[in-house]
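Here is what each chain is made of, one letter per residue.
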Amino acid sequence: MVTFLIRRLIAAIALLIIVSMVTFAIFFLVPRLTGATTADLASRYVGKSAGPQAIHEVEVRLGLNRPVAIQYWNFVKGIIIGAHYDFGPSKVYCGPPCFGYSFINQTPVWPDLLDRAPVTLSLAAGAAIIWVIFGVTAGVISALKRGTAIDRVSMGIALAGVSLPIFFTGLLSLAIFRDNLNWFPNAGTYVGLTQNPLQWASALALPWVTLAFLQAALYARLTRAGMLETMGEDYIRTARAKGLPERTVIVRHALRSTLTPVLTIFGLDLGILLGGAVLTESTFSLPGLGKFAIDSINNNDLPRVLGVVMVGAFFIVLCNLVVDILYAVVDPRVRLS
Amino acid sequence: MRRSIPLVATGLAASLALAACGGGSGGSGGSGGDGTFNAALTKPVNPSTKTGGTLRLANSGDWDNVDPADTYYAYSWDFARLYGRTLMMFKSVPGKSGTELTPDLAQGPGQHSADLKTWTYKLKPGIKYEDGTPVRAQDIKYDVERSLDKKVFPNGPTYFNDYLDLQGYTSPYNDKTPGKLGLKAIDTPDDQTIVFHLKKAFAAFDYFAMLPATMPVPPAKDTGANYKQHVVATGPYKFENYTPGKSMALVRNTNWDPSTDPNRKQLPDRIEVQLGINADDLDNRLINGSLDSDVVGTGVQAAAAAKIQSQARLKKNADAAPTARLWYTAISGDVAPFDNIHCRRAVEYAADKTAMQTAFGGPLSGGDVATHLMMPLIPGSKDINPYPSGPGNHGDIAKAKQELAACGKPNGFKTVLTARTERVKEVNGALALQQSLAKVGIQAEIKKFPQGDYFKLYAGKPEYVKKNGLGLIMMAWGADWPEGFGYLSQIVDSRVIRDAGNTNLGVKDPAVDKLVDQAAVTADATARNDLWAQIDAKVMDDAYIMPFLNVKGLLYRPPGVKNVFVNQGLNGLYDYAQMGVK
Amino acid sequence: MTQDQTEGSAPAGPKSFLDVRDLRIHFPTDDGLVKSVDGLSFQLERGRTLGIVGESGSGKSVTSLGLLGLHNRRNARVSGEIWLDGQEVVGASPEQVRRLRGRKMAMIFQDPLSSMHPLYTVGAQIIEAYRIHNDVSKQVARKHAIDMLGRVGIPQPDKRVDDYPHQFSGGMRQRAMIAMALSCDPELLIADEPTTALDVTVQAQILDLIRDLQEEFNSAVIMITHDLGVVAELSDDILVMYGGRCVEYGSADDIFHRPEHPYTWGLLGSMPRLDRDRSERLIPIKGSPPSLINVPVGCAFSPRCAYSELNQGRSETERPELREVAPGHRVACHLGREDRHRIWTEEIRPKL
């Protein structure tokens, strides 16, 4: 178990390093290889119209004129031991982990990431609870009532959920529940949980439901398929032959097996969402990591993009690791070695 | 698949209808307000002097910066007037007078030396910061010094870098002199006087004195790039908090003295700005009254524009605000056969400007058909139409063919037309142009480029343009401020052309350059503006530019907003310094 | 057919511990009605073992699931009567049948790996079975489970009780399965191909175990298999199934030494025997079992029967009834008695 953990941790760190290198290369090396000069890169950081002098200043300040390998080394060094940045009147020390400095927003990246993370965490966690409860329940009922009206209706809704994009369901839900019915007047204005829990929940209710609708649909289909397969297993027949009540057969025996693969997918989905629920956050104007990523990409704000990519990769790797360990806990056939 | 489309369409229609139904039900919505369409262009709508309430603004993104040394967008300048005062400012009035300058911190317009190289301003007495300390001329000098540092503040304009006699001065942060006021180009003989020394004559310096860089910054409070967290206020409002990307709140500045400031009001108790709001959602909130204004003010999105145009109830609360922004097609004189003026003129005649206008959203949310460079709101603008494009502006094919014959290409020719991939309207406009040119035998192949690199690597790089034969280039240009120099110099002066990143896409006429120089040294504003009109006419005569649309922004003012009007000096935005909610 | 469920008051009340009467299990499908079991009757007493033999698809396993009432009423049509210790099962409510399952009748399945839940320990699965029918604490049930594991011959049962099925060998798994089935002292034990998945030496051990346990518990056992060798070891009586019906029924002695149905002969011919040298290679039965949707009109076995032409076409037109040919020995075949005896003694027996 310990060796397993150590090995997986090393692999995870190696993966993160590779992700950072690839991202770095995409933004800093590829443009150079395709013929862009370092001044071209720098010109993205200056305002509406700037002379060559201003561009050159920025080029030097950002170190864009240095070899990409050295820039990467400085980036890594910043994460480990911190870095110094020129705020104007004084040099400011950006302590580890220093994920760079956004020259477009004039702020270090890491505090901004920390600031955005709770929003995404709130969104993902709340939505995950809703979608797991509703998705799994709907999937189980559909599977047990296979071919009936209940099955058809819930699978129809699931198909709608999978097909309708979030920016459609999201804006529709805002129009109905906020603007027309006025149920969630503050939807789209995030308030911290510790600041005001009620406001927090009512601001997030619509995003939760919208995101959960899409995911619940996927989980309902997944659970239904898994249940149908499991209900045909020999050990379900055995459970019935033992004289177990049908409820116990379904919950303890069938559902337990069905949920094991669902757990894996749940872990991966959650990992991806924690890196930023891009569409949901943009639609509902939630200042989370996903919106942060989109805004940074639109602004060509490379240090921020790099930071948010790293955070996203971190969550995916972390959730993968957790899923692997959990899987070994729930399925004794999997050995940790 | 075929079945799902009507479903989605119905849902969308339902959502729009519901959103529309929501209008007037929430917030300060109500059915009040005496607005009619375009009313705010000529007079304040819902005039009021009542104070109190919270003005709720929203921004789909964030400011380029709220630091006066580092901002370039008109809406940022408009908003900055709430918390900061500059030497000069545009008059806070509706209509054409909004493009006139008026003193703000200064007692009057700049006093210039005979050679137009020295400009002196006297400050009004008794002006204080939010903490009650007096504003000094040195503080204005200090902010101009800060704005010179493009390392720390890369966003702002470079007029002071280009015109002040810097003598090697780079930044107050490298300044070893005590007080960090080492810049020789600005003198402050006393706390109330500031003198600018230019390296070349410039007659329209008052416009520079309007720039946010002349907002005083107390050196003791300067935290460099972090100063934006709390800009020390001189205007009627001061920072309560600002979280970049999320929100900002301003509250009354009790040390602002209205007697020194006839141009601003202090009506709301609070001004809150939500940042990073989904643009379509922002429009919906404006329409249902839960927001008071879109702080960026470039106009509503396509969905809301369609709603506003179709419903009289909404349209009466909307304004199609004229801006100092022009859509045009640059015609590259370096690319054959456009080296021949007649081939360029053939394009001027052939273009179906009405079709292009439609591609940009029609007269209401697109703008008016343009026949020359300087739109009416630029002082001195003369309404000329050197290339009449036939009835209904659908293009004059006979004239175009005549020019083609004169060019030696009676059957037309092939060329390349470029547009920015991400800009749907621009691409549609290019398609409309392509079709109208095809009618006279000019076959334009459309090439699309990413907008981030459009000027840096492609259309703005003369070497690339020549090599790849980019004959026609779709382009938009907005004036830094509505005045000949602020509008035209960057797109017609051949001496600003660089290796890459150009905005002058090929206007090369020594006569134009000469007129630009002449305007720079003409002290009399009327005479100067007349020179810019001459430049407009000359560039049109050269046919390097084919203008087709004077941009208008379709703005929406919820009926609950008071004292709201469009300020033309601020590029057709609502004037935030006068807005109220009671 | 309506059933009177009151014990003993039925006009033709059961005399045996298990009395199956005209059991029919049909599955309506899109392709037609699948008659998996079509009119099966037999009796079984406590302490006795019945072997049900037949190829795959002959309806053996469907019969066993039918006895346990495990067919889904939505997609299976079950008719006939099953009397278990005086209680009728077919017409009983699902809840009543559930209470019988595991306690009164239990089943050992073919593949112990797939038949045990992979995510629960062997012990947990036995405890669960025990506690359903006995109101005892977990500790008591656990002691019982360890005891049961010990009795089926699993070494160190107190340790193995916490192992998962995949940690057991095939034979041990089947022992655990048996321990689970026997945990509530069932009076009827149905073993469906209990040794098919096991290798030969383990097979013998498992069969010995079932026999020993039967003696100990005095249960009635139904041994379902396609392998006559298995039933030879254990069974008192043997029922040969073909196409969902019984084609021959008799004591083990009758079936092995005086079989009268050509299908039984075929089964005997395809049975490997360790107790004597093989004279020829195994003789498989030609052809394949009939589709249960379109059972041949006459004798279901006739398309594969080498002697069907001896019956002047009756094999193709008329279904042979199950007739008693000797006390306790019944056969469903059109062949004359003399012909059957002649063919058995002259043609078949010498080749075995």
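This is a predicted model, so every value here is computed, not measured.

1. Looking at the interface of chain A and chain C
- Chain A puts 22 residues into the contact, and the matching count from chain C is 25 residues.
- Here chain A and chain C share an interface that buries about 2300 Å² over both sides, 57% of which is from carbon and sulfur atoms.
- Connecting chain A to chain C are two salt bridges.
- For Arg252(A), the salt bridge identified is with Glu128(C), shortest N-O distance 3.1 Å.
- If you look at where chain A meets chain C, you find 14 residue pairs in polar contact (both at pLDDT 80 or more).
- Only α9 (234-241) and α10 (246-274) of chain A provide two or more residues apiece to the side of chain A that touches chain C.

2. Focus: the domain arrangement of chain B
Residue and element names in this part refer to chain B.
- Assigned domains of chain B: these are domain 1 (5-273 + 554-581) and domain 2 (322-552).
- Relative to domain 2, the C-alpha centre of domain 1 lies at a distance of 31 Å.
- Facing 24 residues of domain 1, the contacting portion of domain 2 comprises 23 residues.
- Between the two partners, domain 1 and domain 2, sit zero salt bridges.
- Our count for the contact surface shared by domain 1 and domain 2 stands at six residue pairs in polar contact (both at pLDDT 80 or more).
- For the side of domain 1 that touches domain 2, the elements supplying multiple residues, two or more each, are α4 (159-163) and α5 (205-208).
- In terms of residue class, the side of domain 1 that touches domain 2 is made up of 17 nonpolar, six polar and one charged.

3. Some remarks on the sheet that holds strand β1 (residues 54-59) of chain B
All names here are of chain B.
- Spatially, the five strands line up as an open sheet ordered β8-β9-β10-β1-β11, and their pairing is mixed. Single-partner strands in this sheet number two, and they are β8 (237-243) and β11 (293-294).
- Examined bridge by bridge, β1 and β11 share two bridges and lie parallel to one another. Looking at β11, one finds that Leu57 is bridged to Ser293.

4. Here we look at the state of the cysteines
- The tally for this structure, following the rule as stated, stands at two disulfides over all chains.
- There is a disulfide in this structure between Cys94(A) and Cys98(A), and the S-S distance comes to 2.1 Å. Between Cys94(A) and Cys98(A), the disulfide has an S-S torsion of 105° and is therefore right-handed.
- The exposure class assigned to Cys94(A) is buried, which follows from its relative accessible area of 10%.
- Its relative accessible area of 1% is what places Cys98(A) among the buried residues.
- Between the sulfur of Cys343(B) and that of Cys407(B) lies a disulfide, 1.9 Å long from S to S. Measuring handedness by torsion sign, the sulfur bridge of Cys343(B) and Cys407(B) sits at about -90° and is left-handed. Of the two residues, Cys343(B) sits in helix α9 (residues 341-350) while Cys407(B) sits in the loop between α12 (397-406) and β14 (414-420), which places them 64 residues apart along the sequence.
- Since its relative accessible area comes to 0%, Cys343(B) is described here as buried.
- Of the cysteine sulfurs around Cys299(C), a residue in no disulfide, the closest is that of Cys333(C), at 6.4 Å.

5. So, the side chain of Asn504(B)
Residues and elements named next belong to chain B.
- The topology assignment puts Asn504 in the loop between α16 (484-492) and α17 (510-520).
- A residue is classified by how much of its surface remains accessible, and Asn504, at 2% relative accessible area, is buried.
- Looking at Asn504, its side chain comes within polar contact range of the main-chain oxygen of Asp493, at 2.9 Å.
- Within polar-contact distance, the side chain of Asn504 engages the backbone nitrogen of Gly506 at 3.0 Å.
- When neighbours within four sequence positions are excluded, Asn504 is seen to be in contact with Gln490, Ile491, Val492, Asp493, Ser494, Val496 and Ile497.

Cut-offs and rules
- Here, residues in each chain are numbered from 1, in the same order as that chain's written sequence.
- The lettering of chains begins at A and the numbering of ligands begins at 1, in the order of writing.
- Where local features are concerned, this predicted model is filtered to residues with pLDDT of at least 70; where side-chain atom pairs are given and counted, the filter is 80 or more; whole-chain, interface and lining totals use all residues.
- With hydrogens and water set aside, each side-chain value is computed from the structure's full complement of heavy atoms.
- Residue contacts are counted whenever heavy atoms from the two residues lie within 4.5 Å of one another.
- Once two parts are joined, some of their accessible surface, as seen by a 1.4 Å probe, is lost; buried area is that loss totalled over both.
- What counts as a salt bridge is simple: a side-chain nitrogen of Lys or Arg found within 4 Å of a carboxyl oxygen of Asp or Glu.
- Under the rule applied, a polar contact is a pair of N or O atoms within 3.5 Å (in protein, one hydrogen donor and one hydrogen acceptor; residues adjacent in sequence only if both atoms are side-chain atoms).
- Strands are runs of DSSP state E lasting at least 2 residues, helices are runs of H or I lasting at least 4, and numbering of each runs from the N terminus.
- In this entry, domain limits derive from an automatic or database-based domain assignment.
- Residues were grouped as follows: Ala, Val, Leu, Ile, Met, Phe, Trp, Tyr, Cys and Pro as nonpolar; Asp, Glu, Lys and Arg as charged; and all remaining residues, including Gly, as polar.
- Pairing between strands requires that DSSP locate at least two bridges from one strand to the other.
- Pairs of cysteine sulfur atoms within 2.5 Å are what we label disulfides.
- Burial classes follow relative accessibility: with a 1.4 Å probe on protein chains only, a residue under 20% of its type's maximum area counts as buried, one over 50% as exposed, and anything between as partly exposed.

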